[in-house]
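Summary of structural features
The primary structure of each chain is shown beneath.
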Amino acid sequence: MRVGILGSGLMGGKLGTLFARAGHEVVFSYARSEQKLKKLAREAKGRARPGTPRDAAQGADAVLLAVHWSRIDDVLHQTGDLTGKVVVSCTLPMNGDNTELVLAHTSSGAEALAKRVPKARVVSAFTTVPSEVLFSVFAARRKTTRPSLVYCGDDSSGKRRAAGLIRDVGFEPVDAGPLRTARYTEPFSLLVARLAYQGKGGPELAYRFERFGK
Ligand SMILES: NC(=O)c1ccc[n+]([C@@H]2O[C@H](COP(=O)([O-])OP(=O)(O)OC[C@H]3O[C@@H](n4cnc5c(N)ncnc54)[C@H](OP(=O)(O)O)[C@@H]3O)[C@@H](O)[C@H]2O)c1
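Because the structure is predicted, anything quoted here is derived from the model rather than measured. (Residues numbered from 1 in each chain as written. Predicted model: local features only at pLDDT ≥ 70, side-chain atom pairs only at ≥ 80, totals over all residues. Heavy atoms only, no water.)

The next subject is the site of the ligand. Contacts to the ligand come from 18 residues, most closely from Leu10, Met11, Arg32, Lys36 and Cys90. Interatomic distance of 2.8 Å between a backbone N/O atom of Met11 and an oxygen atom of the ligand. One nitrogen or oxygen atom from the side chain of Arg71 is found 3.3 Å from a nitrogen atom belonging to the ligand. Look at the ligand: alone it shows 920 Å² of surface, and the protein chains cover 78% of it. (Near = heavy atom within 4 Å. Polar contact = N/O pair within 3.5 Å; in protein donor to acceptor, adjacent residues only side chain to side chain. Areas by Shrake-Rupley, 256 points an atom, 1.4 Å probe, with all protein chains shown as cover.)

Read from one edge of the open sheet, six strands run β3-β2-β1-β4-β5-β6, paired in parallel fashion. The two strands at the open ends of the sheet, each matched to only one other strand, are β3 (47-50) and β6 (121-124). For this sheet, the mean inter-axis angle between neighbouring strands, taken without regard to orientation, is 20°. As defined by bridge partners, strand β1 (residues 2-6) adjoins strand β2 (residues 25-29) across five bridges and the pair is classed as parallel. Bridge pairing links Arg2 to Glu25 in β2. Each of β2 and β3 is contacted by helix α2 (residues 34-44), which is oriented at about 170° to β3, the strand it contacts most. (Pairing = 2+ DSSP bridges. Helix = DSSP H or I, 4+ residues; strand = E, 2+ residues; numbered from the N terminus. Axes fitted to C-alpha atoms, helices over the stretch in contact; angles between N-to-C directions. Contact = heavy atoms within 4.5 Å.)

Okay, structure coming up:
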């Protein structure tokens, strides 16, 4: 695939490098220096190059949006037309100093983003929980039995990979069924992880999720 990276910081830089090393064609864009984009492309090896946000989107099968929430309008303005493109967003809807979500906790930000690019197909990826809040969980994983973590999905080979990644970060993967269940389980992931380590009985937890409303 051809993947355009909009925002080449920690997330965009790392993911773009992984995509390039997996054989995809990658255009790194949107950093404060051209030098940085060149360096990323050089070090990613594979088919990676630096470019403008417009270059990154042109001919791309998918673009990765990896800027701070406050920079979305600017990067989208520089990118131009995204009609029909898949926009994978890892941007969390956080305020300027990243202390609070600027949207309700019921949204990953994908809905607000989709309104700004109505002709694109917006997907919110990775997690709506900032990874920093899991640091204490990662630290605890060395001291106790591995707790379970639920995951969902519709694609069986994707799910096998997801299960491997979950094991890598210290949890036992538990298949919770199709992707449509994710919306209801994902906001609980932090709570479940904390309870698993700190609650009585450790990893032996039983829990139930209910869907409210229609
Ligand atoms: N979903 C998840 O699991 C997850 C996990 C972590 C982070 N995130 C989210 O992902 C987003 C990106 O995080 P990050 O840690 O990758 O941030 P970051 O390292 O600060 O990257 C942001 C990028 O935007 C560029 N940028 C900022 N201001 C700019 C400007 N005025 N002109 C041009 N480029 C500019 C930065 O340039 P420089 O490279 O020159 O600084 C950098 O390349 C954030 O919204 C964060 O909350 C999501």
